[in-house]
Each structure stands twice: as structure tokens, then as C-alpha cells.
Amino acid sequence: MATPDPMHFDALAELYERARPAYPDALWSRLRELGALRTGGRAVDLGAGTGQATGPLLRAGLEVTAVEPGERLAARLRERYPAATVQVARAEDAVLAPGSFELAVAATSIHWMKREVVLPKVHHALTAGGRFAVWRNAYGDTSVAVTPFRERIEAIVARRDALERPGPSELETDRWARELTARGHFAIELIEELRWSTDLDEQQVRGLFTTFSDWSPAEADEAAIAVRELGGLVTEHYVTPLIVLAKR
Ligand SMILES: C[S@@+](CC[C@H](N)C(=O)[O-])C[C@H]1O[C@@H](n2cnc3c(N)ncnc32)[C@H](O)[C@@H]1O
């Protein structure tokens with residue numbers, strides 16, 4: 001197993017952009033329904049990667065500051081989204097003027113950040129009434145019956161040393177919500193687990209699993225071979241837990 005490393009994504013910038021699925025439309029609908037995607041609004045995207053959130057935020061008519069510590073990822077962001085202001089920095093070190101954003105987002109990135117630093121910082125950078133939306137894609141949905149492909153994935157993971165196996169696969173959305181509100185900067189506005197499915201072929205699985213920071217290239221290759229042996233196309237069930245926090 002590869003050791004999780006926050007700079008893992010930077011080394012794989014182009015693959016990351018190609019292989020990671022977009023966030024579900026339902027997520028953007030929820031944010032729109034809450035009034036968080038107002039045209040002309042200002043958003044900061046923390047840990048922006050290659051812009052999986054930056055792109056939809058810009059298309060919704062917001063001004064976007066994208067904060068990304070990986071230099072190659074940031075270069076891809078600038079190329080893809082010249083309208084965004086890109087800061088090459090960790091969220092902890094980003095320069096964010098007080099009261100300058102109506103919306104902050106952390107898409108599949110909050111777990112890499114020091115929350116004790118980032119939560120007060122985001123609170124300070126938001127306007128009164130501002131929101132912090134935190135979400136991630138969880139690749140696997142334990143509420144759905146285990147598929148033959150998932151059995152193969154579990155077999156690959158089971159061969160790792162016990163210490164290197166991922167912990168419980170629960171989403172822990174409530175634990176995250178408690179952690180994000182514990183210091184009193186934010187109140188919960190919305191918690192929702194969005195469930196969705198997608199079909200992936202051998203190449204897509206090889207690409208996607210290679211981008212996971214805890215999967216080695218050899219393991220990603222095994223996952224791809226499993227797709228071939230299962231007929232060339234697998235349906236994967238995913239969950240996107242979304243937590244929207246309101247500034248107190
Ligand atoms: C799984 S990627 C998510 C990228 C993008 N937000 C998306 O939704 O696809 C995690 C991102 O967090 C970035 N990252 C890691 N540590 C960070 C930190 N301390 N502050 C901000 N971003 C960080 C990584 O460079 C990477 O781009």
C-alpha cells in the first residue's frame with residue numbers, strides 16, 4: 001500500500017483531472033436551493049486540485065479564489081480556469097481577506113487540513129451569513145448489496161498488512177459534522193448523503209484507483225484486471241456526504 005501523502009495528487013495531476021468523476025448534479029442543486037450559488041458571489045475553493053469544484057462554481061457565475069498547494073495541480077487549474085484567482089498555498093497559509101467570501105468549499109480535501117487552523121481562518125474570511133460547504137466522494141456505498149467487483153476490491157485490500165488496511169468504511173458524516181462545529185465557529189445548515197452510481201470500464205478503474213492515495217499502482221492494476229474478468233464494465237455505487245455550515 002502507498003503511504004497517504006497530501007502531495008500524492010500533485011505527481012498525478014493530469015491523471016487526476018481525467019480519472020476522478022465529477023460531483024453529482026444533486027450536490028450543486030442543493031447548494032443552489034440554499035442560495036449559496038448566487039451569480040456574482042465570491043467563493044474560495046480550498047484544496048482545489050484540478051478544479052472539480054472550481055469549474056462548476058465559475059459556471060454558476062461566482063468569482064472563485066482557488067487555493068491549492070500542489071504546483072502542478074495549480075498550473076493545471078490556471079490553464080483550465082483562467083477566470084479563477086489561484087493561490088499556490090496550503091489552506092492553513094492562504095491569504096484570505098476578512099469578510100471577503102460568501103462561500104467557502106472544501107471538496108474531498110478537509111481531511112488533509114489542520115482543522116484547528118483552517119476553521120477559524122475560514123470563519124474570519126466569510127461575510128456575515130457566509131457558508132462553508134464540505135463534501136467528498138466516498139468510493140463505495142455500504143448500504144448497497146456487495147457487487148462482484150466490490151468483492152474483488154475487498155480481496156485486494158484484505159491482502160494488505162493489518163496495519164495498512166483502511167479503517168471502518170462508515171461515512172462518519174455525523175462525526176465530521178460534530179468536529180466542524182465543535183469550536184463554535186459554525187452551525188449546521190444541512191447534512192445530506194447523496195447516493196449515485198456510475199459505470200466504469202477497465203481503463204477508468206485503473207486511472208481512478210491509481211489516484212487514490214492509499215492504493216499502489218499494482219493494486220490499481222489488479223482492480224482493472226477484475227473489471228476485464230467481470231465482463232469489461234462495472235457499476236459502482238458512490239456516496240457524496242455534504243455538510244453545509246453557516247457562519248455563527
Ligand atoms: C482529493 S484532492 C481533491 C481536489 C479537488 N478539490 C476535487 O474535489 O477533486 C485533495 C486536494 O487537497 C490538496 N491539499 C492537501 N493538503 C492541503 C492543505 N493543507 N491545504 C489545502 N489543500 C490541500 C491536495 O493537493 C489535493 O489537491
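Each remark here, short or long, concerns the structure printed above.
Analysis parameters
Residues numbered from 1 in each chain as written. Predicted model: local features only at pLDDT ≥ 70, side-chain atom pairs only at ≥ 80, totals over all residues. Heavy atoms only, no water. Near = heavy atom within 4 Å. Polar contact = N/O pair within 3.5 Å; in protein donor to acceptor, adjacent residues only side chain to side chain. Areas by Shrake-Rupley, 256 points an atom, 1.4 Å probe, with all protein chains shown as cover. Nonpolar A, V, L, I, M, F, W, Y, C, P; charged D, E, K, R; others polar. Phe/Tyr/Trp six-rings, centres within 6.5 Å; stacked < 30°, edge-to-face > 60°. Helix = DSSP H or I, 4+ residues; strand = E, 2+ residues; numbered from the N terminus. Buried < 20%, exposed > 50% of the residue type's maximum accessible area, 1.4 Å probe, protein only. Contact = heavy atoms within 4.5 Å. Salt bridge = Lys/Arg side-chain N within 4 Å of Asp/Glu carboxyl O. Pairing = 2+ DSSP bridges. Axes fitted to C-alpha atoms, helices over the stretch in contact; angles between N-to-C directions. Arc of directions from axis to C-beta.

Student: It is not clear to me how the site of the ligand should be interpreted in this structure. Could you clarify?
Tutor: Close to the ligand lie 21 residues; Y16, Y23, G47, E68 and A107 are nearest. E92 is positioned such that a nitrogen or oxygen atom in its side chain is 2.9 Å from a nitrogen atom of the ligand. Alone, the ligand offers 600 Å² of accessible surface; in the complex the protein occludes 98% of this. By residue class, the composition of the shell around the ligand is 12 nonpolar, 5 polar and 4 charged.

Student: Please explain the packing of aromatic side chains as it appears in this structure.
Tutor: In this description, a pair of aromatic rings is defined by centroid distance and the angle of the planes. Per the stated rule, a full pass over the model turns up 11 aromatic pairs. Geometrically, the ring pair formed by F149 and F209 is edge-to-face, given 6.1 Å between the ring centres and 85° between the ring planes. Taken together, the residues F149 in helix α7 (residues 148-158) and F209 in helix α9 (residues 202-211) connect sequence positions 60 residues apart. Residue classification places F149 among the buried positions, given a relative accessible area of 2%. Among the residues examined, F209 registers a relative accessible area of 2% and is labelled buried. On the basis of an interplanar angle of 80° and a centroid distance of 5.3 Å, the ring pair of W196 and Y238 is categorised as edge-to-face.

Student: Sorry if this is basic, but what is going on with unusual backbone geometry here?
Tutor: Glycine aside, residues mostly have negative phi, and peptide bonds are mostly found in the trans state. The residue T108 is not glycine, and still its phi comes out positive at about 50°. By the element assignment, T108 lies in the loop between β4 (101-107) and α6 (115-125). The phi angle at E172 is positive, at roughly 60°, despite the residue not being glycine. By the secondary structure assignment, E172 is in the loop between α7 and α8 (173-181).

Student: Explain α9 to me, please; I cannot follow it from the model alone.
Tutor: Every α-helix carries 3.6 residues per turn, so stepping three or four residues along brings you back to the same face. Most of α9 is tucked away, with 7 of its 10 residues classed as buried. For α9, the full list of buried residues reads E202, V205, G207, L208, F209, T210 and T211. Taken together, the buried residues of α9 touch α1 (8-11), α2 (13-19), α7, β6 (186-201), α10 (217-229) and β7 (233-247). For α9, the N-terminal cap is D201; the gap from its side-chain oxygen to the backbone nitrogen of Q203 is 3.2 Å.

Student: Hey, could you run me through the pattern of salt bridges in this one?
Tutor: Any two side chains of opposite charge can pair if their charged atoms end up close together. This structure, assessed with the given rule, holds 20 salt bridges. One salt bridge in this structure joins R76 and E17, with 2.7 Å as the shortest N-O distance. Separated by 59 residues along the polypeptide, R76 in helix α5 (residues 71-80) and E17 in helix α2 bring together distant segments of the chain. Like E17, R76 is buried. The partner of R228 in a salt bridge is E202, with the nearest N and O atoms 2.9 Å apart. Pair noted here: R228 is in helix α10 and E202 is in helix α9, with a separation of 26 residues, a long-range link. For R228, a relative accessible area of 48% corresponds to the partly exposed category.

Student: Explain the environment of E170 to me, please; I cannot follow it from the model alone.
Tutor: Note that E170 resides in the loop between α7 and α8. Note: C-alpha distance between E170 and D214 (44 residues apart in sequence) is 17 Å.

Student: Hey, could you run me through the sheet that holds strand β3 (residues 85-87) in this one?
Tutor: Within a sheet, each strand pairs with its neighbour through backbone hydrogen bonds, oriented either parallel or antiparallel. Sheet architecture is open: 7 strands sit in the order β3-β2-β1-β4-β5-β7-β6, paired in mixed fashion. Among the strands making up the open sheet, the edge pair consists of β3 and β6. Averaged over neighbouring strand pairs, the angle between their axes works out to 20° when direction is ignored. In the sheet, strand β1 (residues 42-46) pairs with strand β2 (residues 63-67) via 5 bridges, with the strands oriented parallel. The partner of V44 across the bridge, within β2, is T65.

Student: Explain α5 here, please?
Tutor: Residues of α5 that are buried include every one of L73, A74, R76 and L77, and no others. In a view along the axis of α5, the buried residues occupy a sector of 160°, so they form one face of it. Facing away from the buried side of α5 by more than 90 degrees, the exposed set consists of E71, R72 and E79. The inward-facing, buried residues of α5 abut α1, α2, α4 (54-59), β2 and β3.

Fair warning: the whole summary comes from geometry, so function is off the table for now.
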